[in-house]
Amino acid sequence: MELWGRMLWALLSGPGRGGSTLGWAFSSWQPQPPLAGLSSATELVSHWTRVFEKRGIPEARESSEYIVAHVLGAKTFQSLRPALWTQPLTSQQLQCIRELSSRRLQRMPVQYILGEWDFQGLSLRMVPPVFIPRPETETFLRTHQVHPNVKPHRGMPYQELKRTWPVAESGENGCRGWCLMKEESEVQTCRRHVTKEAWNREVCTCWPSSAWLGLAILRELVEWVLEEVAQRSYAVGSPGSPLILEVGCGSGAISLSLLSQLPQSRVIAVDKGEAAISLTHENAQRLQLQDRIWIIHLDMTSERSWTHLPWGPVDLVVSNPPYIFHQDMEQLAPEIRSYEDPAALDGGEEGMDIITHILALAPRLLKDSGSIFLEVDPRHPELVSSWLQSRPELYLNLVAVRKDFCGRSRFLHIQRSRP
């Protein structure tokens, strides 16, 4: 409770992005005594699910389950010992659940409320306004644009479902998340676990919650990089020990995941946000990976800054850059609009501002035959291909485009050729 108290005070009183404070977001909330008549975890989950649904909070049940589980010391509600589901909670626990739930009523993302989130088996600290490793998924799930993208995945083999979606890794209990019913007239919250048998019968198409969805998309980017590393040998150090540059490190999710899975690798992580740099430092230290990562406060649009990179040319550049089209920013969910740094999201008129900066600098950053891996908007592969074709002097080739599990072109592999 003391730790949460300090974190809550920092959120309420500390500076937010651009020197503003986050306190305005909570101005309508006043502390209240614990709820009368509710004492067990299952009762609290049911109560706050109803409250969230009434207030139009996305993923009402998932939000309440994560909050209650967090207060009880677990990652997920399903991982709690069954005895704790019906055991009476203390007054302190009840009050803490109320406080955290009040944050969710103000549309604060669950990751910020809990203060941490798992990615690729790593527990990462999360604080606003640092970008949560997630694309514009909450808006994506709210709109009917999701429907045509899901149809090709109806009947996906269950083993493929488990491989692709982290929420399904628990086994035959599948995932509790978004569910498109057969008539596909609207997006509904799945009220039951999707079992292997139900999936194979195509009773419904299961859609993970937005928190998991964004991390699953980011995980695909990391796994593609790992595949590339496995196919190469590198001159620096022993084989399989690449030097990697991440542009826009945010919480450090990509860099630290690569370091944890490539024990001989080294990473240079850069970001122009001081909060992001501080958070990546904290996460690197808590994971004991600080000796192999160089974290630099740097605005990649400032060319002079790149002359001071340590360790020389790199083997790989990896980035989940700001790629949202500027005109789409206003359509983002309140969880994103009100709490995350817009500079980590807004990619300019065509979402290409930072992408083209990375590509223009690539000849100076990459070794011969070095690669760039980017997460982008589905509209970007064609734009990037045209941009590269008009600049042959860069000696960069778009060698592969990979789709995410929704069937959308989201990842680019660009390779430098020898002049």
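Visitor: Is there a simple way to think about the overall build of the chain in this case?
Guide: The helix and strand tally for the chain stands at 16 helices and 12 strands. Out of the 419 residues belonging to the chain, those deemed buried represent 55%. Counting only contacts in the chain whose residues sit at least 6 apart along the sequence, the fraction spanning at least 24 positions is 69%. Accessible surface computed for the chain: about 18300 Å², of which carbon and sulfur atoms make up 51%.

Visitor: Sorry if this is basic, but what is going on with the nonpolar core here?
Guide: Generally speaking, soluble globular proteins have nonpolar side chains that are buried together. Judged by nonpolar contacts, the single largest core of 60 residues is most densely connected at Val 68, Ile 97, Leu 256, Leu 258 and Ile 293. Apart from the residues within four sequence positions on either side, Ile 97 is in contact with Leu 44, Trp 48, Ile 67, Val 68, Val 71 and Leu 89. Listed in part, the 30 residues of the second largest apolar core include Leu 298, Leu 359, Leu 361 and Ile 372.

Visitor: I'm lost on unusual backbone geometry in this one. Help?
Guide: Leaving glycine aside, a negative phi is the common case for residues, and trans is the common case for peptide bonds. A cis amide bond links Pro 128 with the next residue in sequence, Pro 129, at an omega value of 0 degrees. Positive phi is not limited to glycine here, since Arg 107 has a value of about 70 degrees. Mapped onto the elements of the fold, Arg 107 is located in the loop between helix 5 (91–105) and helix 6 (110–114).

Visitor: Sorry, what's going on with the pattern of salt bridges here?
Guide: Any two side chains of opposite charge can pair, so long as their charged atoms come close to each other. Throughout the structure, instances matching the rule amount to 13 salt bridges. With its nearest N and O atoms 3.0 Å apart, the salt bridge here joins Arg 125 to Glu 282. Taken together, the residues Arg 125 in strand 2 (residues 122–125) and Glu 282 in helix 13 (residues 274–286) connect sequence positions 157 residues apart. Of the charged contacts in the structure, one is a salt bridge between Asp 315 and Lys 367, with a shortest N-O distance of 3.4 Å. One end of the pair, Asp 315, is in strand 9 (residues 314–319); the other, Lys 367, is in strand 10 (residues 366–375), with 52 residues separating them in the sequence. Exposure remark for Asp 315: the relative accessible area of 7% places this residue in the buried category. By relative accessible area, which is 22% here, Lys 367 ends up partly exposed. Through salt bridges that share partners, Lys 75, Glu 116, Asp 118 and Arg 286 make up one connected network.

Visitor: Got a minute to help me understand the environment of Glu 99 in this structure?
Guide: Locating Glu 99 in the fold gives a position in helix 5. Residue Glu 99 is classed as buried on the basis of its relative accessible area of 16%. C-alpha of Glu 99 to C-alpha of Ile 67: the two residues are 32 residues apart in sequence and 9.9 Å apart in space.

Visitor: Help me understand the pairing of strand 9, please; the structure alone is not making it clear to me.
Guide: Looking along a regular strand, one sees the side chains alternate between the two faces of the sheet. The element strand 9 is extensively covered by neighbouring structure, given that 6 of its 6 residues are classed as buried. Here strand 6 (residues 243–247) pairs with strand 9 via 3 bridges, running parallel. Bridging across to strand 9, Ile 244 finds its partner in Leu 316. Pairing between strand 9 and strand 10: 5 bridges, direction parallel. Its bridge partner lying in strand 10, Leu 316 is registered against Ser 371.

Visitor: Before we go on, may I ask you to explain the packing of aromatic side chains in this structure?
Guide: We describe a pair of aromatic rings using the distance from one ring centre to the other and the angle between the two ring planes. Under the defined criterion, the tally for this structure stands at 4 aromatic pairs. Plain terms: the ring middles of Phe 77 and Trp 85 are 5.9 Å apart, the flat faces sit at 10 degrees to each other, and that makes the pair stacked. Under the relative-accessibility criterion, Trp 85 is labelled partly exposed at 31%. Cation over ring: Arg 379 sits above Phe 325, and NZ or CZ is 3.6 Å from the ring centre.

Calculation criteria
Residues numbered from 1 in each chain as written. Predicted model: local features only at pLDDT ≥ 70, side-chain atom pairs only at ≥ 80, totals over all residues. Heavy atoms only, no water. Helix = DSSP H or I, 4+ residues; strand = E, 2+ residues; numbered from the N terminus. Buried < 20%, exposed > 50% of the residue type's maximum accessible area, 1.4 Å probe, protein only. Contact = heavy atoms within 4.5 Å. Areas by Shrake-Rupley, 256 points an atom, 1.4 Å probe, with all protein chains shown as cover. Core = buried A, V, L, I, M, F, W, Y, C linked by side-chain atoms within 4.5 Å. Salt bridge = Lys/Arg side-chain N within 4 Å of Asp/Glu carboxyl O. Pairing = 2+ DSSP bridges. Phe/Tyr/Trp six-rings, centres within 6.5 Å; stacked < 30°, edge-to-face > 60°. Lys NZ or Arg CZ within 6 Å of the ring centre and 35° of its normal.

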